[in-house]
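In case you want the letters, here they are:
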Amino acid sequence: MKLVRLQPADLPIETRALAKALLGHVLVRETDEGLTAGTIVETAYLPGDPACHAFSGKTARNATLFGPPLRSYVYQIYGTSYCFNLSSEAEGEGAGVLVRALEPIKGLEIMRERRSTSIERDLCRGPGRLCRALAIDRSLDGIDLSEHPHLWLAEAQEFPMRVRSSRRIGVTRAAERRLRFYAAGNPYVSGPARLNPS
DNA sequence: AGGATGATCGTCT
DNA sequence: GACGATCATCCTC
């Protein structure tokens, strides 16, 4: 299996298009422990929603969302979990896409140690879990995915992939909007079954 | 300086 | 399906 780094021109910068285009591509992480990687199978975004960190304007925490596209925006939530996003849209506009689940493809043994579970399906199923499995934390906030040596995107390993949408998970505002995308039928997608029809 | 809150997770029933 | 943990960040005083 050969992981070829994606070039910025390979992805759209518009938020919705990016959220869909990311499905099937691979998120790669390299540390002293080794290489871990997974196929992106679920994403979501939050335009015009008070839950979006960019909704109320630029702050110290969310500055990355207002920067150039394809930067890593990482924040901590509920004290214990990190969430990994990619900034979208042109510099100056605050927007991004949350990566919600991966299908693990490399470094599963490392992931099992970091996650303290042997259940493969649970290694990267959820935004907090995938950050734990790939050792992503705030130190990676703001880095450029197209250049960074230790966190980057690779060309798709699984195509074609049937993309479906649903309402989002964990947000209450504008709840009816279908701003979550996932790979139909993929067992590594998070959330309740009723939100994951094939 | 203090209070409210969250794009979650793991555990328990 | 429900609930509590846990703390960085932001907002208000």
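Preceding this paragraph is the structure being described.
Residues numbered from 1 in each chain as written. Chains lettered and ligands numbered in written order. Predicted model: local features only at pLDDT ≥ 70, side-chain atom pairs only at ≥ 80, totals over all residues. Heavy atoms only, no water.

Draft legend 1. Fine view of the overall build of chain A. Secondary structure summary: chain A contains 3 helices and 8 strands in total. Listing each helix as α and each strand as β along chain A from the N terminus yields α-β-β-β-β-β-α-α-β-β-β. Considering only contacts within chain A whose residues lie at least 6 apart along the sequence, 61% involve residues at least 24 apart. Here chain A has roughly 9,200 Å² of accessible surface; of this, 49% comes from carbon and sulfur atoms. Distance from the positive charge centre (27 side chains) to the negative charge centre (22 side chains) of chain A: 8 Å. (Helix = DSSP H or I, 4+ residues; strand = E, 2+ residues; numbered from the N terminus. Contact = heavy atoms within 4.5 Å. Areas by Shrake-Rupley, 256 points an atom, 1.4 Å probe, with all protein chains shown as cover. Lys, Arg positive; Asp, Glu negative; His and termini not counted. Charge placed at Lys NZ, Arg CZ, Asp CG, Glu CD.)

Draft legend 2. Summary view of the protein's contact with DNA strand B. In the neighbourhood of DNA strand B, 19 residues make up the surrounding shell, with Leu 46, Leu 98, Arg 115, Gly 128 and Arg 129 lying closest. Put simply, 48% of the atoms of DNA strand B that lie within 4 Å of the protein are in sugar or phosphate. The set of elements that each furnish at least two residues to the surface near DNA strand B consists of strand 3 (72-77), strand 4 (81-87), strand 5 (96-106) and helix 3 (127-133). Taken together, the residues that form the surface near DNA strand B break down as 10 nonpolar, 6 polar and 3 charged. (Near = heavy atom within 4 Å. Nonpolar A, V, L, I, M, F, W, Y, C, P; charged D, E, K, R; others polar.)

Draft legend 3. Just the side chain of Ser 190, in detail. By secondary structure assignment, the location of Ser 190 is in the segment after strand 8 (180-183). Accessibility expressed as a relative area gives 5% for Ser 190, which makes it buried. A distance of 3.3 Å separates polar atoms of two side chains, one belonging to Ser 190 and the other to Arg 100. Apart from the residues lying within four places of it in its own chain, the contact partners of Ser 190 are Glu 42, Arg 100, Ala 101, Arg 125, Gly 126, Ile 169, Arg 180 and Asn 196. (Buried < 20%, exposed > 50% of the residue type's maximum accessible area, 1.4 Å probe, protein only. Polar contact = N/O pair within 3.5 Å; in protein donor to acceptor, adjacent residues only side chain to side chain.)

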